[in-house]
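So the chains spell out like this:
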Amino acid sequence: MTQNTPKDTPKIAFIGLGNMGGPMAKNLLKNGYQVTVYDLSEAAQQQLSDAGASTSSSPKQAVQGADVVITMLPASKHVNTVYLGDAEATQLTADGLLSELPSGTLVIDSSTIDAAAARNVARIATTKGIDMVDAPVSGGTAGAEAGTLTFIVGGEDSAFNRAEPILKAMGKNIFHAGSNGAGQVAKICNNMLLGILMSGTAEALNLGVKNGLDAKVLSDIMLQSSGRNWTLEVYNPYPGVLENVPSSRGYSGGFMSQHMHKDLHLALQAAEDINAEVPMGAQAAALYDEHIKEHNTKDFSSIMAHFDSSVLR
Ligand code: NAD
């Protein structure tokens, strides 16, 4: 990674330092950006401070002097809280960051949220002369750490062009999906498919294991056969098949089941809005509806426990 800090390198405020935001902000630092961070969690702020970031005590303090604001928050209500000042707000209130930011600021929201909320916040930003893109990501915590995320961007060409070099410090593939909200639509299509694939992979592995096969042997066979898919290959849900994945460390870290649950329901809502058929997505959502009652904060591959509860004992 480069360590250059040209004079005109934009100053960045980064809000939301969880499983994804923490490593993403660290990669900005490694690429020579000056970063000021904010998170509700002091421990998360401390980690970034150790990596060279300035810390702050509120979102408004974090954005003082920033040219670019990046958020990586759990869901729509958190994005509304930060930018508009209230979880349920549809209009800007005095507490919202958008009332604080000077015109000309670039805002990048990388959280996965519903497209309507993304369009609404971007619309309000535009009225204040602020450029905003939705830029949700794919690639998981491993991609966030390695700086190889895929960014799926929605927004005007001019805002995309400003965001692209910054996103390249955290990712490898940067797609411009269309206008505001388009990044979120593409992202929920991807995550609906991911939820279906993870559920199906867990179902198949359980069927084999309960019939006497070894999970690793079965995975190797399916990887060279037509059942091959990303969850089987790089995120196997059965403990011990792959090293360094959540299933091999008690399903900790990674992508929480509550976030997959959120994304599946965003997909179902988007489908209902346009009358699209999503029976497989609905089935995966029903599995996660049950699953999060007990395993909200476990990685989403812990859906394996729906089929074989011993993996979580
Ligand atoms: P996370 O829950 O680990 O982190 C979210 C962070 O936001 C937490 O540190 C929390 O304290 C902070 N936060 C919440 N409200 C805040 C506020 N008002 N001000 C400041 N900080 C606040 O979540 P994550 O796994 O990092 O995911 C973030 C987003 O990225 C989600 O929308 C998720 O769906 C998406 N995503 C996650 C993954 C993954 O593999 N984890 C992959 C792709 C996309």
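Residues numbered from 1 in each chain as written. Predicted model: local features only at pLDDT ≥ 70, side-chain atom pairs only at ≥ 80, totals over all residues. Heavy atoms only, no water.

A. Summary view of the pattern of salt bridges. Following the criterion strictly, the structure yields seven salt bridges and no others. Across the pair Glu164 and Lys168 runs a salt bridge whose closest N-O atoms are separated by 4.0 Å. The partner of Glu290 in a salt bridge is Lys293, with the nearest N and O atoms 2.7 Å apart. Residue Glu290 and its partner Lys293 are located together in helix α12 (residues 279-295), separated by three residues, close to a single helical turn. What makes Glu290 partly exposed here is its relative accessible area of 46%. Relative accessible area serves as the criterion here: at 62%, Lys293 is assigned to the exposed category. (Salt bridge = Lys/Arg side-chain N within 4 Å of Asp/Glu carboxyl O. Helix = DSSP H or I, 4+ residues; strand = E, 2+ residues; numbered from the N terminus. Buried < 20%, exposed > 50% of the residue type's maximum accessible area, 1.4 Å probe, protein only.)

B. Spotlight on the UniProt feature "active site" (unreviewed entry) in the chain. Per the UniProt record, the feature "active site" (unreviewed entry) sits at Lys187. In this fold, Lys187 is placed in helix α8 (residues 182-210). At 2.6 Å, the side chain of Lys187 and the backbone oxygen of Val137 are in polar contact. (UniProt positions renumbered as here; feature names shortened; annotations may be inferred. Polar contact = N/O pair within 3.5 Å; in protein donor to acceptor, adjacent residues only side chain to side chain.)

C. Quick look at the pairing of strand β4 (residues 68-71). Side chains Val68 and Ile70 of β4 all project onto a buried face; the interleaved residues Val69 and Thr71 project onto the opposite face, where all are buried too. One ladder, built from four bridges, connects strand β1 (residues 12-15) with β4; its direction is parallel. Of the residues in β4, the one forming a bridge with Ala13 is Val69. The pairing of β4 with strand β5 (residues 106-109) spans four bridges and is parallel. Within the sheet, the bridge partner assigned to Val68 lies in β5 and is Leu106. Handedness of the crossover joining β4 and β5 through helix α4 (residues 76-84) is recorded here as right-handed. (Pairing = 2+ DSSP bridges. Right-handed = clockwise from strand over helix to strand, strands pointing away.)

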